[in-house]
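If you want the building blocks of each chain, they are given just below.
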Amino acid sequence: MEQTRRPLIVGNWKMHGSLADNAAWFAHYLEDGPSAAAPVAVEAALCVPAVYLEQCRRALAGGTLAWGAQDVSAHPAGPRTGEIAASMLAELGCRFVIVGHSERRMAHGENDAEVARKVVAALGAGLSPIICLGETLAERVAETTAAVIERQLSAVLEAVDEAELTRIVLAYEPVWSIGTGRAATPQMAQQAHADLRAALARRAPRAAGAVRILYGGSMNAANAGALLAMPDVDGGLIGSAALKVQDFLAIVCAAA
Ligand code: PGA
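Keep in mind it's a predicted model, so treat the numbers as computed, not measured. (Residues numbered from 1 in each chain as written. Predicted model: local features only at pLDDT ≥ 70, side-chain atom pairs only at ≥ 80, totals over all residues. Heavy atoms only, no water.)

A. Fine view of the overall build of the chain. Looking only at helices and strands, the chain features eleven helices and eight strands. Since a compact globule built from 256 residues should have a radius of gyration of about 18 Å, the 17 Å found for the chain is in line with a globular shape. Considering only C-alpha atoms, the chain reaches an extent of 45 × 45 × 35 Å along its principal axes. Taking all 256 residues of the chain together, the buried fraction comes to 51%. Long-range contacts, defined as pairs at least 24 residues apart, comprise 73% of the intrachain contacts of the chain with a sequence gap of at least 6. Summed over its atoms, the accessible surface of the chain is roughly 11,200 Å², and 55% of this surface lies on carbon and sulfur atoms. The positive charge centre, built from 21 side chains, and the negative charge centre, built from 26, are 2 Å apart in the chain. (Helix = DSSP H or I, 4+ residues; strand = E, 2+ residues; numbered from the N terminus. Rg over C-alpha atoms; globule rule 2.2 N^0.38 Å. Buried < 20%, exposed > 50% of the residue type's maximum accessible area, 1.4 Å probe, protein only. Contact = heavy atoms within 4.5 Å. Areas by Shrake-Rupley, 256 points an atom, 1.4 Å probe, with all protein chains shown as cover. Lys, Arg positive; Asp, Glu negative; His and termini not counted. Charge placed at Lys NZ, Arg CZ, Asp CG, Glu CD.)

Next up, the structure:
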């Protein structure tokens, strides 16, 4: 399938950060990163704990680095203690929101149906959901990777109108590679991404060539180039390596 997709590099800070550390990270990025005056072909974004979104808005508005959240409520604003509505994220300037990260699927019991509802809520507020999919080590050993990620994807595809699908982003994140220092090989990533794109094409042939599929799981400055060179790897979702601004910038450069 023709590659006309703009590379996308997203940092996932998870539950890290402090007002002071974030300010230093932002200052460094604004100093050394791509400027609005000389933009690069790569789109970059940072998904931070929700309490820091206002800090992102103040520091990053008008620049080349977008921001987003790491989770969203499936429900509109209302009496749901502790939840954050998609409309609230949009009001803080978020372009993206991560949905269905394996850490939430495992520790918070999020199932495919709940993830699909969150995707619909995000799209309804004008956000681009970054939908995480991936197999566990046991599932890879059992050679069920394709079946698992296609099942996770199909729940989303059933819930979303075809016309909206071009706004979603997929992130293939094998669970065994997250935070372990063991990234998938470029060939493993390419195979999973091609499987996901083929599944997309069966449901939405026109959207399939446009949807960006990111790789996530121990991507770093050293291995990013080889992973990003694969034809269906359209970017990265970066955890640990996004905590150091130099490493994150190196990955943005590798994508450019
Ligand atoms: P990692 O995390 O880069 O630290 O493996 C990626 C993720 O969980 O999104």
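B. Here's a closer look at the environment of Val211. Its place among the elements puts Val211 in the loop between helix 9 (205-208) and strand 7 (212-216). Residue class for Val211 comes out buried when judged on its relative accessible area of 0%. For the pair Val211 and Arg182, spaced 29 residues apart in the sequence, the C-alpha separation amounts to 26 Å. Residues in contact with Val211, not counting those within four places in the same chain, are Arg5, Leu165, Thr166, Ile168, Leu170, Arg197, Leu200 and Asp234.

C. A look at the packing of aromatic side chains. By the definition in use, this model includes seven aromatic pairs. Centre to centre, the rings of Trp13 and Trp25 are 5.5 Å apart; their planes meet at 80°, and the pair counts as edge-to-face. Of the two residues, Trp13 sits in the loop between strand 1 (8-12) and helix 1 (19-32) while Trp25 sits in helix 1, which places them twelve residues apart along the sequence. Ring centres of Tyr172 and Tyr215 lie 6.3 Å apart, and the angle between their planes is 55°; this geometry places the pair in the tilted category. Linking Tyr172 in strand 6 (residues 169-172) with Tyr215 in strand 7, this pair joins segments that are 43 residues apart in sequence. As far as burial versus exposure is concerned, Tyr172 and Tyr215 are alike and both buried. Aromatic ring contacts, followed pair by pair, group Trp13, Trp25, Phe26, Tyr29 and Phe248 into a single cluster. (Phe/Tyr/Trp six-rings, centres within 6.5 Å; stacked < 30°, edge-to-face > 60°.)

Interpretation in functional terms is not warranted from these geometric data alone.
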